[in-house]
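# Summary of structural features
So you can see what is in the structure, the chains are spelled out below.
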Amino acid sequence: MPLVATNAAAETPKRGGILNFSVVAEPPTYDCHASTTFATLHPIAPHYSTLLRYEGDWRDMKIAGDVAESWSASADGRRYEFKLRPGIKFHDGQPLTAEDVKFTFDKMMDPTTDCPDLRNYYQDIASCDIIDPHTVKFTCKKPFFLHEIMLGDLSIIPKHVYSTGDFNNHPNNRAPIGSGPYKLEKWDTNQQLVFVRNPDYWGKALGREGHIDKFIWRIVLE
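These numbers were taken from a predicted model, which means no experiment stands behind them. (Residues numbered from 1 in each chain as written. Predicted model: local features only at pLDDT ≥ 70, side-chain atom pairs only at ≥ 80, totals over all residues. Heavy atoms only, no water.)

As a rule of thumb, nonpolar side chains are buried together in soluble globular proteins. The biggest cluster of nonpolar side chains holds 47 residues, and the ones touching the most others in it are Leu-51, Phe-82, Tyr-122 and Phe-138. In terms of residues, this core owes the most to one element, helix α3 (residues 98–109), which gives five residues. Sequence-distant contacts of Phe-138, that is, excluding residues within four places in its chain, are made with Leu-51, Arg-78, Arg-79, Tyr-80, Phe-82, Val-101, Phe-105, Ile-125, Ser-127, Cys-128, Leu-151 and Leu-154. (Core = buried A, V, L, I, M, F, W, Y, C linked by side-chain atoms within 4.5 Å. Buried < 20%, exposed > 50% of the residue type's maximum accessible area, 1.4 Å probe, protein only. Helix = DSSP H or I, 4+ residues; strand = E, 2+ residues; numbered from the N terminus. Contact = heavy atoms within 4.5 Å.)

What follows is the structure in structure tokens.
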């Protein structure tokens, strides 16, 4: 009804509060790329940053920069270049650079990495190359209208954490380090996962800090 829609649109979100919700099974890992987790974890608690993001509500949604402050595509639709914002840091205080973007893409495309479902969406992306510390270029095998969206939705992980050890069974898969507005506070096995606001979130100056103080996954085993 028009009156209801108008009132809802006029409401101003309030800061604070806890969002509780239940899940019927505990995820084996919080690796956002793993086949068992990637489709659900990122939208529920934004722990990771992506190159691009959506802004606005469902009536007027548009693509905007997240980690990328600007981006461009070649006329033939085969090359996409992303310029990263300076000063972005992961939850452990280390800087996020083009090295992390390339590492994330290369690790995802590695056939030994347990993410065949996600990798399928990027099968026509030939490579990711570093232009400079804050610029990456993706080269595509052929043009496709969804390449910009898929590349923009890549959840970026830190190279300095995941470049050593067994990626599929890395200890940080249950103690993840991202660069998003929320970070994992604790994981009580078979009970709950608690995500709290990141006080050092790089996007606060852009007005992108979440309104909710805390997300809690409550694991209700069947």
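This part is about the sheet that holds strand β6 (residues 125–132). Pairing is antiparallel across the open sheet formed by four strands, whose spatial order is β4-β5-β7-β6. Bordering the open sheet on either side are β4 (68–73) and β6, each of which pairs with just one other strand. Direction aside, neighbouring strands of the sheet carry axes that sit 20° apart on average. Both β4 and strand β5 (residues 79–84) contribute to a ladder of five bridges, which runs antiparallel. Looking at the pairing, Ser-70 lines up with Lys-83 of β5. Strand contacts of α3: β5, β6 and β7 (135–140), with the helix running at about 165° to β6, the strand carrying the most contacts. (Pairing = 2+ DSSP bridges. Axes fitted to C-alpha atoms, helices over the stretch in contact; angles between N-to-C directions.)

With that settled, consider the sheet that holds strand β10 (residues 214–219). In spatial order, the strands read β1-β10-β9-β8; together these four strands make up an open sheet with mixed pairing. The open sheet has two edge strands with one neighbour each: β1 (18–23) and β8 (182–188). Direction aside, neighbouring strands of the sheet carry axes that sit 15° apart on average. Alignment of β8 against strand β9 (residues 192–197), held across six bridges, turns out to be antiparallel. Each bridged residue has a counterpart across the sheet, and for Leu-184 the counterpart in β9 is Phe-195.

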